[in-house]
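Listed here are the chains, written in short residue letters.
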Amino acid sequence: MVKYLSLISGIQWKKRSPKARRRARGGRRRRRQRRDGYVVPEIPFDLMIQILSRLPATSLIRFKCVSKLWSSLIRSRYFSNLYLTVASPSRPKLRLYMSLVEHYQCDSMELCRNPGKSELLSLTLTSSSISAESSFEPNITFPGMRGHEMVVLRGLILHTVCRKACIYNPATRQSLTLPAVKSNIFAQQERYKHVNYFFGHDPVHDQYKIVCSVVVFSEVRRKITSESWVFVLEPRGFWKRIVYDVQPHLPTRQGLCINGVIYYLAFNHTCRDNVYCFDVRSEEFRVIQGPHEVSKYAGFLGFIEHGGKPAIFDFTHIKETGLSELWALEVDSGTWSRKSLVLKPCQRHLVDDIINIMDLRVRGTGQGNEVILALPGPCYLLYYDLIKNDLRKVNIIKEMPTDHTPYMYVKVMDMPESIMHLKI
């Protein structure tokens with residue numbers, strides 16, 4: 001059939017006049033020249049930046065291989081900040097990170113050299129998919145990721161490994177270990193030595209800073225000796241000791257960074273729980289007295305962010321009476337506002353199977369002012385909505401080893417992934 005069609009077309013071509021054939025050849029030549037000489041208009045650089053800022057982080061990591069221009073753009077601090085700004089409203093995401101480690105203490109050099117097996121699990125939650133009782137399975141696993149006491153800030157995770165601070169970016173899989181703090185108080189022959197790290201961001205100068213609190217506590221003399229060090233997360237960064245006029249203190253909670261200020265709870269010789277405020281830009285401390293009416297189990301209370309303010313969440317009586325209390329701090333005046341929450345009777349069964357309420361720990365807040373509580377064993381989480389006064393239960397489906405139960409550190413990241421390049 002094809003043979004006959006080609007024969008017919010050849011006969012029709014021969015029947016044309018020479019003038020018609022020349023006219024047809026010229027038309028085809030002009031069309032070919034126009035097609036070969038067509039140049040696609042170049043996309044403006046500003047428009048290209050806006051397009052790239054709306055792509056997933058995994059795609060941006062691959063696109064660094066396109067050209068040197070794209071690589072330098074994606075690795076720049078300007079683009080990483082733009083990505084956080086653009087991606088926050090367009091792709092709201094609540095990601096839960098669970099760090100499972102065999103050894104969560106570093107009391108000897110043997111544990112430092114062999115910290116045991118560990119892994120970091122990532123679990124994506126959406127507010128629409130969480131019902132009164134749901135089950136989820138981790139969708140991303142980072143084997144070999146070890147450490148404890150995770151702090152999440154702007155898509156980055158700060159964790160501690162053998163008294164050293166480590167920064168991890170889950171999106172780029174890049175890890176950075178900071179040099180150890182060379183403090184002289186480690187030489188003291190005392191049993192209780194504590195190293196706490198806090199993560200802060202200065203929005204004015206766009207600087208990330210890590211604050212290290214080194215504390216030695218003498219149980220016999222009841223004496224606290226403490227030092228504070230600051231590390232600016234930038235090339236050629238180093239630890240710098242801060243000289244402050246506040247009393248030596250021992251931090252008892254992980255810190256919160258709100259609008260360029262790090263808040264954390266600590267006690268000193270005169271008071272059980274004070275709120276220490278560290279301004280990331282000026283590197284100055286301020287102390288605010290904690291509420292006197294808090295529970296006697298002050299060491300088990302949760303320190304969270306609520307409505308853009310630091311707050312203390314007292315849940316120690318939720319199993320017995322269903323009552324919880326929320327204390328929000330007015331930073332400017334240094335006063336506390338109190339709010340009582342009573343658990344709904346139909347949800348009391350969600351906390352009845354907790355054997356010891358002191359094992360429950362607050363692990364952060366998620367979208368919609370939900371407080372996330374977890375037990376040391378990785379079995380389930382409790383979501384307490386402080387606005388709606390509603391409690392939810394989320395079961396974590398994860399096959400665990402049978403010979404031992406690793407310790408679990410849980411942290412919530414309610415911001416999109418960061419593409420910031422880590423370098424010191």
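The chain has the name F-box protein At5g62660 in an unreviewed UniProt entry, where Raphanus sativus is given as its organism.

Draft legend 1. Inspection of the sheet that holds strand β20 (residues 323–330) at higher detail. Taken in spatial order, the 4 strands make up an open sheet running β18-β19-β20-β21, and their pairing is antiparallel. The sheet terminates laterally at β18 (302–306) and β21 (335–342), the two strands that pair on one side only. Taken over all neighbouring pairs, the strand axes of this sheet differ in orientation by 30° on average, direction set aside.

Draft legend 2. How the structure looks around the confidence of the model for the chain. A residue-level look at the chain finds 70% of positions with pLDDT of 70 or above and a mean pLDDT of 78. Taken as a whole, residues 1–15 scores under 50 in pLDDT and shows 5 contacts with residues more than four places along the chain or in a different chain. Segment residues 107–111 is flagged for pLDDT under 50; beyond a separation of four residues in sequence, or across chains, it makes 3 contacts in the model.

Draft legend 3. Representation of helix α3 (residues 45–52) within the structure. Burial in α3 covers these residues: M48, I49 and L52. Viewed along the axis of α3, the buried residues span an arc of 100°, placing them on a single side of the element.

Draft legend 4. Examining the sheet that holds strand β11 (residues 223–232) more closely. The antiparallel open sheet is built from 4 strands, whose spatial order is β9-β10-β11-β12. With one partner strand each, in any of the chains shown, β9 (192–202) and β12 (239–242) form the two edges of the open sheet. Averaged over all neighbouring strand pairs, the angle between strand axes comes to 25°, with direction disregarded.

Draft legend 5. Summary view of the pattern of salt bridges. Applying the stated criterion to the full structure yields 10 salt bridges. Across the pair E330 and K309 runs a salt bridge whose closest N-O atoms are separated by 2.7 Å. With E330 in strand β20 and K309 in strand β19 (residues 309–314), the pair connects residues that are 21 residues apart, well separated along the chain. The exposure class of K309 is partly exposed, given its relative accessible area of 29%. Notably, a salt bridge pairs K344 with D390, separated by 3.8 Å at the nearest N-O pair. Of this pair, K344 sits in the loop between β21 and α8 (349–352) while D390 sits in strand β25 (residues 390–396), and the two are 46 residues apart along the sequence. Taking the relative accessible area as the measure of exposure, D390 reaches 17% and is therefore buried. Here the residues in one salt-bridge network are K344, E370, D390 and R392, joined through shared partners.

Draft legend 6. A nonpolar patch on the surface, seen in detail. A surface patch of nonpolar side chains, amounting to about 280 Å² of accessible area, comprises I43, L47 and I51. Relative to the helices and strands, I51 resides in helix α3. The exposure class assigned to I51 is partly exposed, which follows from its relative accessible area of 44%.

Draft legend 7. Examining the packing of aromatic side chains more closely. Enumeration over the complete set of coordinates arrives at 10 aromatic pairs. Between F278 and F285, the ring centres sit 5.0 Å apart and the planes meet at 55°, which makes this aromatic pair tilted. A relative accessible area of 16% places F285 in the buried class. Here F313 and Y384 contribute two aromatic rings whose centre-to-centre distance is 6.0 Å and whose plane-to-plane angle is 90°, an arrangement assigned as edge-to-face. Residue F313 is located in strand β19, and its partner Y384 is located in strand β24 (residues 380–385); the two are separated by 71 residues in the primary sequence. Neither residue differs from the other here; F313 and Y384 are each classed as buried. An aromatic cluster is built from Y197, F231 and W239, whose rings are joined through pairwise contacts.

Draft legend 8. Structural detail: the environment of V151. Here V151 lies in strand β5 (residues 148–153). Residue classification places V151 among the buried residues on the basis of a relative accessible area of 7%. Placed 103 residues apart in sequence, V151 and Q254 show a C-alpha to C-alpha distance of 7.4 Å.

Draft legend 9. Examining unusual backbone geometry more closely. The backbone phi angle of R173 is positive, close to 60°, even though this residue is not glycine. Here R173 shows up in the loop between β7 (164–169) and β8 (174–177). Judged by relative accessible area, R173 falls into the exposed class, the value being 51%.

Draft legend 10. How the structure looks around the pairing of β21. Both β20 and β21 contribute to a ladder of 8 bridges, which runs antiparallel. Paired with L326 across the two strands is K339, which belongs to β21. Connecting β20 to the next strand, β21, in antiparallel fashion are 4 residues, including G334 with a positive phi near 75°.

Conventions adopted
Residues numbered from 1 in each chain as written. Predicted model: local features only at pLDDT ≥ 70, side-chain atom pairs only at ≥ 80, totals over all residues. Heavy atoms only, no water. Pairing = 2+ DSSP bridges. Helix = DSSP H or I, 4+ residues; strand = E, 2+ residues; numbered from the N terminus. Axes fitted to C-alpha atoms, helices over the stretch in contact; angles between N-to-C directions. pLDDT = per-residue confidence, 0-100. Contact = heavy atoms within 4.5 Å. Buried < 20%, exposed > 50% of the residue type's maximum accessible area, 1.4 Å probe, protein only. Arc of directions from axis to C-beta. Salt bridge = Lys/Arg side-chain N within 4 Å of Asp/Glu carboxyl O. Patch = residues over 30% accessible without salt bridge, like charges linked within 9 Å, V, L, I, M, F, W, Y side chains within 5 Å. Areas by Shrake-Rupley, 256 points an atom, 1.4 Å probe, with all protein chains shown as cover. Phe/Tyr/Trp six-rings, centres within 6.5 Å; stacked < 30°, edge-to-face > 60°.

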